[in-house]
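So you can see what is in the structure, the chains are spelled out below.
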Amino acid sequence: MMERDSIRFGDTTIEYQVRRSERRKKTVHVTIDGGGVQVAAPMDTPAGDLQTLVRHRAPWILNHATGGLLAVAPKRFVSGETLPYLGRNVRMAFETTDVRKPEVRFDHWRFNIKVPKELPEEQRYERIRKAIIAWYRVRAAARLPASVKQWLPRFGGGEPPGVLIRDQRQRWGSCAPDGTLRFNWRVVMLEPALVDYVIVHELAHLTIRNHSDDYWKLVVRIVPDAQERRRRLTEAGRDLPL
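If you're wondering where the values come from, they're calculated on a predicted model, not measured in any experiment.

Trainee: Would you explain the overall build of the chain in this entry?
Mentor: Helix and strand content of the chain: 6 helices and 12 strands. A compact globule built from 242 residues would reach a C-alpha radius of gyration of about 18 Å, whereas the chain, at 22 Å, exceeds it by more than 25%. Principal-axis analysis of the C-alpha atoms places the extent of the chain at approximately 70 × 55 × 30 Å. Looking at the 242 residues of the chain, the share that counts as buried comes to 41%.

The structure is reproduced here in structure tokens:
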């Protein structure tokens, strides 16, 4: 007998498949394979007991699951939820007040978000989301060009390239034929070491336009642990909430 269920653990939804068996008498076993999280259980184990067990094993599951096995739960934009900024999970606090549109403030590593009293419920999610994205874009526009200038001397200096902030859902950054660097605003959600890696990755393309062995040698010369950062960047990209 097979069934599917899920639990929410922090900002992550853990979906799992339950395999019930007459042969299994007492123990419940949690494993991870290519098909996701598997729970083997006796026939009469209540679903609530299985949820409790999976929630208890959640830290282990998060540590061992790879690829797209886990899904980030969509934000509801309520107080207590978090959003990443420079690699840290920042808690959100919402206040309904007399403002014309949602306002986002970042104060002592907390997002304080004011929401209009008269905002229709059907517009709430999208209006708040747009305000939060606008905040991230402003931070990206302030931080990334400055970081480009800091790393440029490692490549021999020269005139700083133009930097644009874009909504490139599938890419962290790109280098145009004219040398303009475009960065996904989501870069500032990442920890600083990964922000630096993204910048170095694109700056290297000003010297070598392809991803040849010479290109990667250049990147590794600037950032010796580039391959490890690249791996962490791939993992981080799976969990971004916006």
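After that view of the structure, there is still more to cover.
Trainee: Mind showing me how you'd approach the sheet that holds strand S8 (residues 103-106) here?
Mentor: Pairing in this open sheet of 4 strands is mixed, and the strands run S6-S7-S9-S8 from one edge to the other. Strand pairing shows two members of the sheet lacking a second neighbour, strand S6 (82-85) and S8, which therefore form its edges. Strand after strand, the sheet turns through a mean of 30° between neighbouring axes, direction not considered. Pairing of S6 with strand S7 (residues 88-97), which is carried by 4 bridges, proceeds in the antiparallel orientation.

Trainee: Can you walk me through the nonpolar core in this structure?
Mentor: Grouped together as the largest cluster of nonpolar side chains are 53 residues, with contacts concentrated most on Phe-111, Ile-132, Tyr-136, Leu-144 and Leu-242. If you list the elements that add at least two residues to this core, you get S6, S7, strand S9 (110-116), helix H3 (121-151), strand S12 (181-184), helix H4 (192-204), helix H5 (213-222) and helix H6 (226-237). Per-element tally for this core: the top contributor is H3, with 10 residues. The residues touching Ile-132, leaving out its near neighbours within four places in the chain, are Phe-77, Leu-83, Met-92, Val-104, Ile-113 and Leu-242.

Trainee: So what exactly am I meant to see when it comes to the sheet that holds S12 here?
Mentor: Within a sheet, each strand pairs with its neighbour through backbone hydrogen bonds, oriented either parallel or antiparallel. Sheet architecture is open: 3 strands sit in the order S10-S12-S11, paired in mixed fashion. Edge positions in the open sheet fall to strand S10 (163-166) and strand S11 (173-175), since each of these has one partner strand only. On average, adjacent strands in this sheet sit at an angle of 20° to one another, irrespective of strand direction. Here S10 runs beside S12; their pairing, made up of 4 bridges, is parallel. Bridge pairing in S12 places Arg-166 opposite Asn-184. Sheet contacts for H3: S10 and S12; angle to S10, the most-contacted strand, approximately 150°.

Trainee: Quick question: what am I supposed to make of H6 here?
Mentor: Along an α-helix, a turn takes 3.6 residues, which lines up residues three or four apart on a common side. Here H6 contains 12 residues, and its C-alpha end-to-end distance of 16 Å stays within 8% of the 16 Å for a straight helix at 1.5 Å per residue. Those residues of H6 that are buried lie in contact with H4 and H5.

Trainee: Which parts of the structure should I look at to understand the pattern of salt bridges?
Mentor: When charged atoms on two side chains of opposite charge get close, those side chains can pair. Throughout the structure, instances matching the rule amount to 11 salt bridges. A salt bridge links Arg-8 to Glu-81; the shortest N-O distance between them is 3.4 Å. Pair noted here: Arg-8 is in strand S1 (residues 2-9) and Glu-81 is in the loop between strand S5 (71-72) and S6, with a separation of 73 residues, a long-range link. Since its relative accessible area comes to 33%, Arg-8 is described here as partly exposed. The network of salt bridges with common partners includes Arg-8, Arg-76 and Glu-81.

Trainee: It is not clear to me how the layout of surface pockets should be interpreted in this structure. Could you clarify?
Mentor: Taken as a whole, the second largest pocket spans an internal volume of roughly 390 Å³. Of all elements in the fold, only H4 and H6 reach the threshold of two or more residues within the lining of the second largest pocket. Across the lining of the second largest pocket, the residue classes tally to 6 nonpolar, 7 polar and 5 charged.

Trainee: Got a minute to help me understand unusual backbone geometry in this structure?
Mentor: Apart from glycine, the bulk of residues carry a negative phi angle, and the bulk of peptide bonds sit in the trans form. Phi angles above zero are rare outside glycine, and Leu-86 is one such case at about 50°. Summarising the element assignment, Leu-86 is placed in the loop between S6 and S7. One non-glycine residue with positive phi stands out, namely Trp-109, at about 55°. Mapping Trp-109 onto the fold places it in the loop between S8 and S9. The exposure class of Trp-109 is partly exposed, given its relative accessible area of 33%.

Thresholds, definitions, all that
Residues numbered from 1 in each chain as written. Predicted model: local features only at pLDDT ≥ 70, side-chain atom pairs only at ≥ 80, totals over all residues. Heavy atoms only, no water. Helix = DSSP H or I, 4+ residues; strand = E, 2+ residues; numbered from the N terminus. Rg over C-alpha atoms; globule rule 2.2 N^0.38 Å. Buried < 20%, exposed > 50% of the residue type's maximum accessible area, 1.4 Å probe, protein only. Pairing = 2+ DSSP bridges. Axes fitted to C-alpha atoms, helices over the stretch in contact; angles between N-to-C directions. Core = buried A, V, L, I, M, F, W, Y, C linked by side-chain atoms within 4.5 Å. Contact = heavy atoms within 4.5 Å. Expected span 1.5 Å × (residues − 1). Salt bridge = Lys/Arg side-chain N within 4 Å of Asp/Glu carboxyl O. 1 Å grid on protein atoms, 1.4 Å probe; cavity = no way out; pocket = protein on both sides within 12 Å on 5 of 7 lines; lining within 4 Å. Points joined across faces, edges and corners; volume = space filled by probe spheres on them. Nonpolar A, V, L, I, M, F, W, Y, C, P; charged D, E, K, R; others polar.

The values reported here are purely geometric and, on their own, carry no functional implication.
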